[in-house]
Each structure stands twice: as C-alpha cells, then as structure tokens.
Amino acid sequence: MQDRYILGVDVGGSGIKGAIVDTHTGEFQSERVRLETPQPATPAAVAKTFSELVKAHQYKGVIGCGFPAIVKQGVAQSAANISEQWIGKNIIEALSLSSACPVEVLNDADAAGMAEMAFGLGRGVSGMVLLITIGSGLGSALFMDGKLVPNTEFGHIQMKGNAAELYASNKARKTLELGWEEWGQRFDEYLLYIQRILNPDLILLGGGVSKKFEKFEAQLSVDIEVKPAELKNQAGIIGAALHARKQMRSR
Ligand code: BGC
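The paragraphs below set out a description of the structure included in this document.

Criteria and cut-off values
Residues take numbers from 1 onward in each chain, read along the sequence in its written order. Predicted model: local features are reported for residues with pLDDT of at least 70 only, side-chain atom pairs are reported and counted for 80 or more only, and whole-chain, interface and lining totals are derived from all residues. Hydrogens and water are ignored here; the side-chain numbers use all heavy atoms of the structure. In DSSP terms, a helix is any run of H or I states spanning at least four residues, a strand is any run of E spanning at least two, and both are numbered starting from the N terminus. Using C-alpha atoms as the atom set, the radius of gyration is obtained and then compared with a globule rule of 2.2 Å times the number of residues to the power 0.38. Summary of the burial criterion: residues with accessible area below 20% of their type's maximum are buried, those above 50% are exposed, and those between are partly exposed, where the area comes from a 1.4 Å probe applied to protein chains only. Here, residues are in contact when the closest pair of their heavy atoms is within 4.5 Å. Surface exposure here means Shrake-Rupley accessible area, sampled with a 1.4 Å probe, where a residue is shielded only by the protein chains that are shown. In this tally Asp and Glu are treated as negative and Lys and Arg as positive; neither His nor the chain ends contributes. Taken as the charge centre is NZ of Lys, CZ of Arg, CG of Asp or CD of Glu, depending on the residue. Whether a residue is near a molecule or strand is decided by its heavy atoms; if any one of them lies within 4 Å of it, the residue is near. Within 3.5 Å is the distance limit for a polar contact, defined as a pair of N or O atoms, with the added protein rule that one can donate a hydrogen and the other accept it, and that residues adjacent in sequence qualify only through two side-chain atoms. Every definition here rests on a 1 Å grid over the protein atoms only: cavities are sets of points where a 1.4 Å probe fits but cannot get out, pockets are open sets enclosed by protein on both sides within 12 Å along at least five of seven lines, and lining residues have some atom within 4 Å of a point. Should more than half of a molecule's atoms lie within 2 Å of a pocket's or cavity's grid points, that molecule is taken to sit in it. We call Asp, Glu, Lys and Arg charged. Ala, Val, Leu, Ile, Met, Phe, Trp, Tyr, Cys and Pro are nonpolar, and the rest, Gly among them, are polar. Here, a strand pair is defined by DSSP locating no fewer than two bridges between the strands. The axes used here are C-alpha line fits, helices contributing only the stretch in contact, and every angle between their N-to-C directions lies in the interval 0 to 180 degrees. Each Phe, Tyr or Trp ring (for Trp, its six-membered ring) is paired with any other whose centre lies within 6.5 Å, and the angle between the two planes then decides the class: stacked below 30 degrees, edge-to-face above 60, tilted in between. We call two directions roughly parallel when the angle between them is under 35 degrees, roughly antiparallel when it is over 145, roughly perpendicular when it lies between 65 and 115, and oblique otherwise. Buried Ala, Val, Leu, Ile, Met, Phe, Trp, Tyr and Cys residues form a nonpolar core when they are joined through side-chain atoms within 4.5 Å. For the domain bounds, the source is a domain assignment made automatically or taken from a database.

Of regular secondary structure, the protein chain possesses 8 helices and 15 strands. The C-alpha radius of gyration of the protein chain comes to 17 Å, within 12% of the 18 Å expected for a compact globule of 251 residues. The principal-axis extents of the C-alpha atoms in the protein chain amount to approximately 50 × 40 × 30 Å. Here the protein chain holds 251 residues, and 58% of them are scored as buried. Sequence separation of at least 24 residues holds for 62% of the intrachain contacts in the protein chain that already meet a minimum separation of 6. Here the protein chain displays about 11,200 Å² of accessible surface, and carbon together with sulfur accounts for 48% of that area. Both charge centroids of the protein chain, one from 26 positive and one from 27 negative side chains, sit 5 Å from each other.

Let us now look at the site of the ligand. Around the ligand sit 13 residues in total, of which N107, D108, E153, H156 and E165 are the nearest. Within the backbone of A69, a nitrogen or oxygen atom sits 3.2 Å from an oxygen atom of the ligand. With respect to the ligand, the side chain of E165 contributes an N or O atom lying 2.8 Å from an oxygen atom. For the ligand, the accessible surface in isolation is 310 Å², of which the surrounding protein chains cover 93%. If you map the ligand onto the pockets, it falls in the largest pocket. Taken together, the residues of the shell around the ligand break down into 5 nonpolar, 5 polar and 3 charged.

On to the sheet that holds strand β15 (residues 225-228), then. Here 5 strands make up an open sheet; going across it, the order is β11-β10-β9-β14-β15 and the pairing mixed. If you trace the sheet from one side to the other, it starts and ends with β11 (147-149) and β15, each paired once. Each adjacent strand pair in this sheet contributes to an overall mean axis angle of 25 degrees, direction not counted. Of the strand pairs in this sheet, strand β10 (residues 138-144) and β11 are connected by 3 bridges, and their pairing is antiparallel. Across the sheet, the residue bridging to L142 is V149, located in β11. Lying over the sheet, helix α3 (residues 108-119) contacts β9 (128-134), β10, β11 and β14 (202-206), oriented at roughly 45 degrees with respect to β10. Against the sheet, helix α6 (residues 180-197) makes contact with β9, β10, β14 and β15, and its axis sits at roughly 150 degrees relative to β9, the strand it touches most.

Our focus in this paragraph is the packing of aromatic side chains. Taken as a whole and assessed by the stated rule, the structure comprises 8 aromatic pairs. When the ring of F67 is compared with that of W86, the centres are 4.7 Å apart and the planes differ by 65 degrees; the resulting orientation is edge-to-face. In this pair, F67 sits in strand β5 (residues 63-67) while W86 sits in the loop between β7 (75-76) and α2 (91-99), placing the two residues 19 residues apart along the sequence. Across the pair, W86 and F67 agree in class, each one buried.

With that out of the way, let us pick up the packing of α3 against helix α8 (residues 235-250). It is at 7 Å that the axes of α3 and α8 come closest, and there the two elements cross at 85 degrees. By the angle between their directions, the pair α3 and α8 is classed as roughly perpendicular. Counting all contacts with α3, which are made through A111, A112, M114, A115, A118 and F119, the residues of α8 involved are A235, G236, I238, G239, A240, L242, H243 and K246. Tallied by class, the residues present in the contact of α3 with α8 amount to 10 nonpolar, 3 polar and 1 charged.

The buried count for strand β1 (residues 5-11) comes to 6 of 7 residues, which makes it a mostly enclosed element. Both β1 and strand β2 (residues 15-22) contribute to a ladder of 7 bridges, which runs antiparallel. Across the sheet, the residue bridging to D10 is K17, located in β2. Joining the antiparallel neighbours β1 and β2 is a turn of 3 residues. Bridge count for β1 against β5 is 4 bridges, and the pairing is parallel.

Next up on the list: the nonpolar core. If you look at the biggest cluster of nonpolar residues, it comprises 53 residues, and the most contacted ones within it are V9, F50, I63, F67, W86 and I91. At 7 residues, α8 tops the list of elements feeding residues into this core. Formed jointly, this core draws a minimum of three residues from each of two domains, domain 1 (5-110 + 234-249) and domain 2 (123-229). For W86, the residues in contact, after removing those within four places along its chain, are A41, T42, P43, V46, F67, A76, I91 and A94.

This is the structure we're talking about:
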C-alpha cells in the first residue's frame with residue numbers, strides 16, 4: 001500500500017477539516033474541505049460528518065485523524081469541546097466503521113505539533129519545544145529533542161479556579177467579547193504560568209489565532225522565545241497524515 005499521499009483529518013470543536021497530504025513535503029494534494037462540527041458533537045454525529053468528508057475526497061486508504069481529546073490506544077479518555085459520550089469510546093472503531101477506511105488517531109494538538117516539527121519552525125530544533133494551539137480550547141504538544149511527549153493537556157492546568165482554556169482560549173476571547181489587548185494579557189498570564197512550571201526553550205503558537213500574532217504580541221512578557229507557528233491551521237491535517245504513515249510503517 002502506498003504511504004506517501006494520505007488523507008489527514010483534523011476534528012475540532014467548530015470544524016472538521018481534511019485534505020490529502022503529500023507526507024514527503026507536507027503539501028496538500030487536494031482542496032482542503034471543511035465541514036461544521038455537528039452540535040452536540042456526539043460519536044454518531046461526528047462519525048457521520050467524518051464519512052462525508054472522506055467521501056468528498058473520493059479517498060480510499062489509511063486516514064490519519066487528529067482528535068480533541070486525550071487519546072490512548074485509540075480510545076478517548078477526555079472530552080472538553082465535544083460530547084462527553086466520547087469518553088471511553090474507541091475513536092478508531094467509530095471512524096473506520098463509518099468511513100470504511102482504516103483510521104489512525106492521535107490528539108489534535110499533538111498532530112499539529114508533529115507537522116510543525118517536521119515542516120515548520122520546529123524543524124531540527126533540539127531541547128524542549130512546546131506548541132500551543134489556540135482555538136475552541138487550548139491544546140498542547142510537547143517535544144523533547146524532537147520527540148513527542150503525547151497527551152500533555154496544558155490547556156487544562158488550573159487558572160482562576162478553572163481550566164486555563166476557559167480563561168485564555170480563542171473561544172473565551174469571542175464569548176467574553178475581549179479586545180486583543182485584554183485577551184493578550186490573559187494569554188500572557190497563561191504563558192507566565194507555563195514558564196514557571198515547565199520552562200520550555202521555545203513556544204510556538206498554532207491555531208487560527210496564530211495568524212493574528214501581531215495583534216497581541218506586545219502583551220507577551222515571558223522570558224521565552226514565542227513565535228507564531230509557520231503552518232498555521234493546516235498543521236493539524238498534515239500532522240494527522242504523518243501519524244498515519246508512522247503507524248503504517250511500524251506495523
Ligand atoms: C482538549 C485537548 C485538545 C484541545 C485543542 C482541549 O479542550 O482537552 O485534548 O487538544 O482542546 O483542541
């Protein structure tokens with residue numbers, strides 16, 4: 001089975017996005033398709049939208065999928081921006097049944113991080129690199145000398161008595177109608193906390209908000225180099241495809 005061109009899918013809190021990825025270059029070989037994440041995002045509803053996305057690509061083969069939860073052996077262990085019905089559910093089974101294709105799955109932020117380490121600003125960088133995705137939630141992907149430490153979930157460290165993502169995600173910015181300056185200060189507080197507990201050598205910011213970096217850059221006061229990720233919101237799709245290829249090769 002060829003393992004160069006793989007459909008990567010990024011399941012997010014608001015959109016399910018996919019494209020066929022050239023895993024040698026990280027480039028898209030097809031149009032990126034985005035479908036709305038069904039609300040509530042139950043297993044049955046997400047699996048149906050997933051299969052529609054696969055059909056739209058007329059694709060048959062192994063699919064890589066980034067999923068917004070702690071993922072262990074293909075099973076969701078948490079659910080923050082999707083239905084709680086996912087907890088304990090085998091994602092691989094649910095999605096491969098609906099799409100009639102083999103599926104490999106990993107946490108969505110870990111997927112974005114893998115792509116950024118392979119084709120973006122993390123390429124060849126040693127030491128501790130942390131990618132934070134800013135979207136409906138705050139996702140994290142931690143790398144030590146290029147090797148992923150999966151399922152870190154730093155968006156769930158406690159701030160102001162709640163998960164940090166409720167305070168500093170893009171969803172919080174929109175729901176609370178915060179200006180960029182105000183939101184930037186909140187995000188800075190979050191990064192200062194990360195600095196205290198983790199001290200990474202480099203922080204990369206992914207997700208849609210990374211395109212707006214200049215709007216909040218001035219608020220950031222951490223003593224760590226912080227840069228917007230290079231691959232922007234394509235990273236989750238590319239990393240999902242890379243993960244599928246890695247899994248195929250390890251079999
Ligand atoms: C989830 C993470 C996910 C992040 C970004 C969080 O709410 O707990 O697993 O990576 O959102 O989607």
